[in-house]
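# Structural overview
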Amino acid sequence: GVLEFAGNVIQGHVLTETDGKTKGKNRVRVRLLKDNTVVQEVKTDSDGFYLFEGVPVGSYTIRAMDNKTSPESHLVRIQSGGSFEANRDFVLLKK
């Protein structure tokens, strides 16, 4: 079936790399920030997937972090209203 999301969507996977192989990392906090203020916070699922729905038009930073790795960030700009979709993956590296 077709997945339908509410409004603008930012989604992706949080991955870790071990011995040259990447795999999804579960229970990683992913934050959606606007002007250094947390707008939404989610945790990744068992495949490392995260999803923010209903994101208003604007510029955001998305940051993935857990206790064993250095935080990673991406900048995302939502330009159109209604059905904009941004895909951003993270590869977290051990500290």
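Residues numbered from 1 in each chain as written. Predicted model: local features only at pLDDT ≥ 70, side-chain atom pairs only at ≥ 80, totals over all residues. Heavy atoms only, no water.

Position of T16 relative to the elements: it lies in strand 1 (residues 9-18). You can call T16 buried: its relative accessible area is 11%. In contact with T16, other than residues within four places in its own chain, are K21, T22, K23, K25 and L92. (Helix = DSSP H or I, 4+ residues; strand = E, 2+ residues; numbered from the N terminus. Buried < 20%, exposed > 50% of the residue type's maximum accessible area, 1.4 Å probe, protein only. Contact = heavy atoms within 4.5 Å.)

Our focus in this paragraph is the nonpolar core. Counting 16 residues, the largest nonpolar core has I10, V14, Y50, F52 and I62 as its most contacted members. Residue assignment for this core shows that the elements contributing at least two residues are strand 1, strand 3 (29-34), strand 5 (49-52), strand 6 (58-65), strand 7 (72-78) and strand 9 (90-92). Looking at this core element by element, the count peaks at three residues for strand 6. (Core = buried A, V, L, I, M, F, W, Y, C linked by side-chain atoms within 4.5 Å.)

Taken together, the four strands give an open sheet; going across it, the order is 4-3-6-7, and neighbouring strands pair in antiparallel fashion. Taken across any chain shown, the strands that pair with only one partner, and hence form the sheet edges, are strand 4 (37-43) and strand 7. Strand-to-strand, the axes of this sheet are offset by a mean angle of 25 degrees, without reference to chain direction. Here seven bridges tie strand 6 to strand 7, and the two strands are oriented antiparallel to one another. Among the inter-strand pairings, S59 is bridged to a residue of strand 7, identified as R77. (Pairing = 2+ DSSP bridges. Axes fitted to C-alpha atoms, helices over the stretch in contact; angles between N-to-C directions.)

This next bit is on the pattern of salt bridges. Enumeration according to the criterion identifies two salt bridges in this entry. A salt bridge links D66 to K25; the shortest N-O distance between them is 3.3 Å. Here K25 lies in the loop between strand 2 (21-24) and strand 3 and D66 lies in the loop between strand 6 and strand 7, a separation of 41 residues in the sequence. (Salt bridge = Lys/Arg side-chain N within 4 Å of Asp/Glu carboxyl O.)

Right, let's get into the packing of aromatic side chains. Aromatic rings considered in pairs are described by the distance between their centres and by the relative angle of their planes. This structure, assessed with the given rule, holds two aromatic pairs. On the numbers, 6.0 Å between centres and 55 degrees between planes, the contact of Y50 with F90 is tilted. With Y50 in strand 5 and F90 in strand 9, this pair connects stretches of sequence that are 40 residues apart. Each member of the pair, Y50 as well as F90, is classed as buried. (Phe/Tyr/Trp six-rings, centres within 6.5 Å; stacked < 30°, edge-to-face > 60°.)

Limitation: the analysis is restricted to geometry and does not speak to function.
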